[in-house]
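Each chain, letter by letter, is given below.
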Amino acid sequence: MHSGETQIEELLGQALAPYSQRPDAEGVARLTAELVASGQALYAQVSATPPGRRTERAHAALTEWSYFVDAGPPGRGDHAAWNHARVLARILRNMLASIERPSRAR
């Protein structure tokens, strides 16, 4: 696993932790910014895969990533921001899986 992928795995662990381990508002904002920054690089990598070689999961992750990054949290408040970070993490997990194990990513 590359260091970029290791960093993403660490971010996923933070974002997908149980609700009882949710960071404070500043921590969620920082985590979201880190997810987006890491995700943009991963998005470029997955996008570079020829469309005919991408799995359905990869296609969906690319579409969802663009939508959720542009849309931002669905509401105001800590809970909406935390859920938004968790959605981004799940999408990142799907993108990561599509480059790690393309034959099993469906």
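It should be noted that the structure appears before, not after, this text.
Bear in mind the structure is a predicted one, so any value in this text is a computation, not a measurement. (Residues numbered from 1 in each chain as written. Predicted model: local features only at pLDDT ≥ 70, side-chain atom pairs only at ≥ 80, totals over all residues. Heavy atoms only, no water.)

A. Broad picture of the environment of Ala37. When you line up the elements, Ala37 lands in helix H2 (residues 25–47). Owing to a relative accessible area of 53%, Ala37 belongs among the exposed residues under this scheme. Between the alpha carbons of Ala37 and Ile8 there is a distance of 10.0 Å; along the sequence they are 29 residues apart. (Helix = DSSP H or I, 4+ residues; strand = E, 2+ residues; numbered from the N terminus. Buried < 20%, exposed > 50% of the residue type's maximum accessible area, 1.4 Å probe, protein only.)

B. A look at the environment of Met95. Within the secondary structure layout, Met95 lies in helix H4 (residues 78–100). On a C-alpha basis, the gap between Met95 and Leu42 in space is 7.1 Å, while along the polypeptide they are 53 residues apart. With near-sequence residues (within four places) excluded, Met95 lies in contact with Gly39, Leu42, Tyr43, Val46, Ala61, Leu62 and Trp65. (Contact = heavy atoms within 4.5 Å.)

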